[in-house]
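Descriptive analysis of the structure
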Amino acid sequence: MSLSSVAAPSIIRIAAALLIGADGQTLLVRKRGTQAFMQPGGKIEAGEQPVHALARELEEELGLRIDPAQARYLQQFSAPAANEPGHVVEAEVFLVHIHSPVTPAAEIEEVRWIDPAGDGDLFLAPLTRDLILPFYRKARAGHA
């Protein structure tokens with residue numbers, strides 16, 4: 001097989017939240033029929049600003065209404081998609097502090113609050129495990 005016949009991975013553009021509760025824990029979600037826990041969020045629609053996609057997805061999936069102005073942009077991360085083999089997620093990640101309860105809805109089957117210093121003994125999506133949680137731990141250590 002020549003290199004030219006190897007297809008480049010498909011990119012899935014998403015907006016994701018590093019949701020932090022009042023106690024400092026972070027919320028992870030698991031979609032119905034999947035194993036991996038990940039940041040809440042979802043695909044960015046054509047012409048949609050990432051922060052507005054995030055607000056829409058959080059309301060659809062968790063019944064959580066956020067003010068987009070309160071979401072602090074962190075950075076873009078890319079990692080292999082947890083649920084779509086051969087795809088890469090390109091995530092615009094925002095830090096969002098919340099003080100209200102969440103309820104799994106739409107395709108979300110389970111939510112878990114975990115200490116961001118660990119993995120909560122959960123199977124984590126590559127984006128969460130390898131990039132977002134380590135980024136947050138490093139940022140918190142810098143402000144200790």
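Fair warning: this is a prediction, and the values are worked out from it, not measured in the lab.

The rules we used
Residues numbered from 1 in each chain as written. Predicted model: local features only at pLDDT ≥ 70, side-chain atom pairs only at ≥ 80, totals over all residues. Heavy atoms only, no water. Helix = DSSP H or I, 4+ residues; strand = E, 2+ residues; numbered from the N terminus. Rg over C-alpha atoms; globule rule 2.2 N^0.38 Å. Buried < 20%, exposed > 50% of the residue type's maximum accessible area, 1.4 Å probe, protein only. Contact = heavy atoms within 4.5 Å. Areas by Shrake-Rupley, 256 points an atom, 1.4 Å probe, with all protein chains shown as cover. Lys, Arg positive; Asp, Glu negative; His and termini not counted. Charge placed at Lys NZ, Arg CZ, Asp CG, Glu CD. UniProt positions renumbered as here; feature names shortened; annotations may be inferred. Pairing = 2+ DSSP bridges. Salt bridge = Lys/Arg side-chain N within 4 Å of Asp/Glu carboxyl O.

Quick look at the overall build of the chain
Looking only at helices and strands, the chain features two helices and seven strands. Secondary structure elements of the chain occur, N-terminal to C-terminal, as β-β-β-β-α-β-β-β-α. Rg of the C-alpha trace for the chain: 15 Å, near the compact-globule value of 15 Å for 144 residues, within the 12% margin. In terms of overall dimensions, the chain has C-alpha extents of about 55 × 35 × 30 Å along its principal axes. Counting the 144 residues in the chain, one finds 43% classified as buried. For the chain, long-range pairs separated by at least 24 residues make up 65% of all intrachain contacts whose partners lie at least 6 apart in sequence. A total accessible area of about 7900 Å² is found for the chain, and carbon and sulfur atoms account for 53% of it. The distance from the centre of the 13 positive side-chain charges to the centre of the 18 negative ones in the chain is 3 Å.

As for the environment of Pro-101
Among the secondary structure elements, Pro-101 is positioned in the loop between β6 (87–97) and β7 (108–114). The class for Pro-101 is exposed, based on a relative accessible area of 72%. Taking the C-alpha atoms as reference points, Pro-101 and Gly-63, separated by 38 residues in sequence, lie 8.7 Å from one another.

Some words on the UniProt feature "domain: Nudix hydrolase" (unreviewed entry) in the chain
Here the UniProt-annotated "domain: Nudix hydrolase" (unreviewed entry) positions come out as residues 9–137. What you have in residues 9–137 is 19% helix and 38% strand, and the ends, taken at the C-alpha atoms, are 29 Å apart.

Digging into the pairing of strand β2 (residues 26–31)
For β2, the buried fraction is high: five of the six residues fall into the buried class. A loop of five residues connects β2 with strand β3 (residues 37–38), the two strands running antiparallel in sequence, and Gly-33 in this loop sits at a positive phi of about 80°.

Side note on the pattern of salt bridges
Throughout the structure, instances matching the rule amount to nine salt bridges. Residue Arg-65 pairs with Glu-59 through a salt bridge whose shortest N-O separation is 2.9 Å.

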